[in-house]
Amino acid sequence: MTGTTDTQARYYAGIRMVPFDLLKELVLALLGVAVLIAVLAAVLSAPDVPPVTIGSWSQADPVDFVTTASAELAGQSGTAQYGPPYNSTPDAAQALGPIVPQDWAGISTPIDTAKEFVLHPLELAATGNPTLTSALDTYNGADATHQQAWLDSYTKALDGATVENGQVTVAAGDYGPVPTLMGSLLGIARSGGLDALLLENGRFFQTDFTRPLLFMGDGNYMSNLAADQHLTGDQWGVMNETGSYPGQTWLWLYSVWYQLPPFNTAPNADLVIVLIVLALTTLLALVPFIPILRDIPRWVPVHKLIWRRYYRSV
Amino acid sequence: MSESTREPVADRANWTLALRRFLERRLPIVHLLPDRQPYYVGSWVYIFGVVAIAALAWIVATGVLLVFFGPQWWHVSNIGHFVNALHFWAVQIFFVFMVLHLWGQYFAASWRDGRAPTWVVGVIVFAISIVATFTGYVAQQNFDAQWIAVNAKDAMNAVGVGAFFNVLNFGQMYGLHILFFPIAVATLVVVHLVQVRMRGVVKPIDPPGAEPPQAELPRSDPHASQGPVA
């Protein structure tokens, strides 16, 4: 036993040892933290703003919903043009020179926005609905040029759209079957049906919300709500949370770069910033081996405060 | 050496015995549960670490309750909401004191005398804790979770991890949050604590008449790390 206890006994040789109760300290800390979090929880509670659903979105802002759905159908939405891991849009991936990590894993979650966000849900809902069935047949039977022309005209017309009885109305024009498709999709969405249809995967249970979240993320409604809650990227983004709660303050070193030029406008900001933060974290871990960084504590007399009693005694 | 005291060949090849002897030599119970400490360990800085551990214990305890009743419970039950608030504030306290502990140990240059691995593991605990908490934020099933996930996916995809770490997949994030990351953080914290207890608390910086301390890799013989003492 002597050979073992000497490890620290010899390190501390000549230093006065005083009684210490590790277990009592831990128990007191547990009790102290219990009281603290109980008071904070009782007085301040915690944030829990209800989630947005496609149903609530389409009811609150039907024009934004239809505009987004039209973009999904036209292949013009953020998700449709995202690149990996959802699709293979050329030059969409963030790159650092020739390094394109976004391409490395390929299309792991393939998403065809026109088919999965619009046409497939409409096909599922078209049973017993000859008007919708006919509109789908017309759209699917048209060539790409006609489809695009209808969608372009309809999207422009949505700028002046009005909402009556929950339906989006645009000025008369040559939109083909698009208004029927969008009117049907809006009706399904307002009923809450599209939330379920976007999760449909052929199995009963599911826990993957990738598709409805991407769909909602393509619209403006969600980001407007986020801006109201000071959650957008130029407001320190995901570091904050709803209400006046502290949020993930420990992400400040990550969020700060998004506030600074050139990162706040760089197309590859996410890639560059993640790499910077990884590099800084590695530096922090390796501080003991890095001259200057490891010497700063000797130059800055904070340790004189930490060990006041010691330095007084010597 | 007499025949009776010579170690049998079988003992020298015994892994269990070797592990026991290593633990007896490097981590005796008197180091694991000390009742004495150097007199200079009398600063509030030394409290930060233990408070962080206490907060972690409450995070786990409240997290187990939340898991037991399921991810929907705290949205529809007042008691559940309170338990979630306890979980939330325990996380906040954990990070506040972990950061204070980190800065305290930095300005104490606590990696000296062979303690660099302790520092490295501590920073890894900090980094893993951030990811652990992040998975909790995106698994909340509320607006915060939706917005954070929709935005954070871009960073994950940009660095190529989105293919197997899909922040929009609640099931994956929830599973990682309640199983993988708690085990990872708790294991690393235990490793960190064992490292601290094995070597004890580092001496103050630059005792009068001492050579300036240098960071170094751990030495196989901890006795060699002795510096001048007060």
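The structure displayed is predicted, hence computed values, not measured ones. (Residues numbered from 1 in each chain as written. Chains lettered and ligands numbered in written order. Predicted model: local features only at pLDDT ≥ 70, side-chain atom pairs only at ≥ 80, totals over all residues.)

Observations concerning the overall build of chain A
Quick note on the threshold: By definition, any uninterrupted DSSP run of H or I lasting at least four residues is a helix, any uninterrupted run of E lasting at least two residues is a strand, and each is numbered from the N terminus. Computation of the radius of gyration draws on C-alpha atoms alone. For the globule rule, the value is 2.2 Å times the number of residues to the power 0.38. Counting other C-beta atoms within 10 Å of a residue's own tells you its class, since 20 or more makes it buried, 12 or fewer makes it exposed, and anything in between is partly exposed; those C-beta atoms are placed from the backbone. The contact criterion used is a C-beta to C-beta distance within 7 Å, with each C-beta placed from the backbone.
Secondary structure summary: chain A contains 17 helices and three strands in total. Its C-alpha atoms give chain A a radius of gyration of 29 Å, clearly above 20 Å, the size a compact globule of 314 residues would have. Expressed along its principal axes, the backbone C-alpha trace of chain A runs to roughly 95 × 50 × 40 Å. Here chain A holds 314 residues, and the buried ones make up 34% of them. Here the analysis covers contacts within chain A between residues at least 6 apart in sequence; of these, 57% occur between residues at least 24 apart.

Here's the deal with the overall build of chain B
Tallying secondary structure elements over chain B gives nine helices and one strand in all. In sequence order, chain B lays out its α and β elements as α-α-α-β-α-α-α-α-α-α. Classification of the 230 residues of chain B by burial places 43% in the buried group. Here the contacts in chain B between residues at least 6 apart in sequence split such that 70% fall between residues at least 24 apart.

Structural notes on the interface of chain A and chain B
We apply this condition: Think of it as three bins: nonpolar holds Ala, Val, Leu, Ile, Met, Phe, Trp, Tyr, Cys and Pro, charged holds Asp, Glu, Lys and Arg, and polar takes everything else, Gly as well. For two strands to count as paired, DSSP must find a minimum of two bridges between them.
Facing the 87 residues of chain A at the interface are 88 residues of chain B. With twelve residues, the top contributor of residues to the side of chain A that touches chain B is helix α2 (residues 22-44) of chain A. A breakdown of the residues in the side of chain A that touches chain B according to their chemical character gives 55 nonpolar, 21 polar and eleven charged. Where strand β1 (residues 17-19) of chain A lies against strand β1 (residues 36-38) of chain B, three bridges are found, and the strand directions are antiparallel. Following the sheet pairing, A:V18 is matched in β1(B) by B:Q37.

With respect to the domain arrangement of chain B
Interfaces are often described in size by the accessible area the parts lose on coming together. All names here are of chain B. The line we're drawing: How far each domain reaches was decided by an automatic or database domain assignment.
Under the domain assignment, chain B is made up of domain 1 (42-93) and domain 2 (109-203). Facing the eight residues of domain 1 at the interface are six residues of domain 2. Of the residues contributing to the side of domain 1 that touches domain 2, the split by class is six nonpolar, two polar and no charged.

Examining the packing of helix α7 (residues 116-138) of chain B against helix α9 (residues 170-199) of chain B
Residue and element names in this part refer to chain B. Selection rule: Each axis is a line fitted through C-alpha atoms, taken for helices only over the stretch in contact, and angles between the N-to-C directions span 0 to 180 degrees. When an angle is under 35 degrees it counts as roughly parallel; over 145 it counts as roughly antiparallel; between 65 and 115 it counts as roughly perpendicular; any other value is oblique. Left-handed describes a crossing whose near helix is turned anticlockwise from the far helix by less than a right angle; the clockwise case is right-handed.
At a closest axis distance of 9 Å, the pairing of α7 and α9 adopts a crossing angle of 160 degrees. It follows from the interaxial angle that α7 and α9 lie roughly antiparallel. The two elements α7 and α9 cross, and the hand of that crossing is left-handed. Taken together, the residues of the contact of α7 with α9 sort by class into 17 nonpolar, eight polar and no charged.

Side note on unusual backbone geometry
Residues and elements named next belong to chain A. Residue P84 is joined to P85 through a cis peptide bond whose omega torsion reads 10 degrees. Residues P261 and P262 are joined by a peptide bond in cis, for which omega reads 5 degrees. Locating P262 in the fold gives a position in the loop between α13 (252-258) and α14 (269-285). The backbone phi angle of N165 is positive, close to 50 degrees, even though this residue is not glycine. For N165, the location among the structural elements is in the loop between β2 (162-164) and β3 (167-169).

Quick look at the environment of A:Q259
All names here are of chain A. Tracing the backbone shows Q259 in the loop between α13 and α14. Remark: the alpha-carbon pair of Q259 and G237, spanning 22 residues in sequence, is separated by 9.5 Å. Look past the residues within four positions of Q259 in its chain and what remains in contact with it is D234, W236 and N264.

Looking at the environment of A:I107
All names here are of chain A. Mapped onto the secondary structure, I107 falls in the loop between α5 (101-104) and α6 (113-125). As a C-alpha pair, I107 and T89 span 18 residues in sequence and 10 Å in three-dimensional space. Not counting residues up to four positions away in its chain, the partners in contact with I107 are P84, P85, Y86, N87 and S88.

Structural notes on the nonpolar core
Test applied: A set of buried Ala, Val, Leu, Ile, Met, Phe, Trp, Tyr and Cys residues, joined through C-beta atoms within 7 Å, is what we mean by a nonpolar core.
Within the largest apolar cluster, 119 residues are counted, with the highest numbers of intra-cluster contacts made by A:L185, B:A55, B:A90, B:F94 and B:V138. With 13 residues, helix α6 (residues 78-107) of chain B is the single largest residue contributor to this core. Residue assignment places this core across two domains, with domain 1 (42-93) and domain 2 (109-203) of chain B each supplying three or more. Excluding its chain neighbours within four sequence positions, the residues that come into contact with B:A90 are A:I37, B:A55, B:W58, B:I59 and B:T62.

Thoughts on α2(A)
Formally: Take the residue count of a helix, subtract one, and multiply by 1.5 Å to get its expected span.
For α2(A), built from 23 residues, the straight-helix expectation of 33 Å at 1.5 Å per residue is met to within 8% by its first-to-last C-alpha distance of 32 Å. Tucked inside the fold, the buried residues of α2(A) contact α4 (45-69) and α6 of chain B. Following α2(A) by one or two positions, A:S45 has its phi on the positive side, about 55 degrees.

What about helix α12 (residues 221-228) of chain A?
Heads up, the condition is: The arc under discussion is defined with respect to the helix axis, by the directions toward the C-beta atoms.
Residues of α12(A) that are buried: A:Y221, A:M222 and A:A226. Considered in projection along α12(A), the buried side chains sweep an arc of 140 degrees and stay on one side of the axis. As for α12(A), its buried residues are in contact with α3 (54-60), α4 (62-74) and α11 (210-218) of chain A together with α8 (143-158) of chain B. Downstream of α12(A) by a residue or two, A:H230 has a phi angle that is positive, lying close to 50 degrees.

A closer look at the environment of B:A127
Along the chain, B:A127 turns up in helix α7. Each C-alpha atom of the pair B:A127 and B:V185 lies 9.6 Å from the other, and the pair is 58 residues apart in sequence.

Looking at the packing of α14(A) against α7(B)
At a closest axis distance of 8 Å, the pairing of α14(A) and α7(B) adopts a crossing angle of 150 degrees. Relative to α7(B), α14(A) is oriented roughly antiparallel. Between α14(A) and α7(B), the residues in contact are A:T281, A:L284 and A:A285 and B:V120, B:V123, B:I124 and B:A127, respectively. Looking at the contact of α14(A) with α7(B) residue by residue, the class counts come to six nonpolar, one polar and no charged.

Some thoughts on the confidence of the model for chain A
Test applied: pLDDT measures how confident the predictor is about each residue, on a scale from 0 to 100.
The predicted model of chain A has a mean per-residue pLDDT of 93, with 98% of residues at 70 or higher. Here residues 1-5 of chain A is modelled with pLDDT under 50, and outside its nearest four sequence neighbours on either side it reaches seven contacts, counting other chains as well.

Concerning the confidence of the model for chain B
Residues and elements named next belong to chain B. When the pLDDT values of chain B are averaged, the result is 88; 87% of them are 70 or greater. The secondary-structure element of chain B with the lowest mean pLDDT is helix α1 (residues 9-12), recorded at 74, while α6 shows the highest, at 98. Across residues 211-230 the pLDDT falls below 50, and counting only partners more than four positions away or on other chains, this stretch makes 48 contacts in the model. Our summary of model confidence lists the complex with pTM equal to 0.90 and ipTM equal to 0.92.

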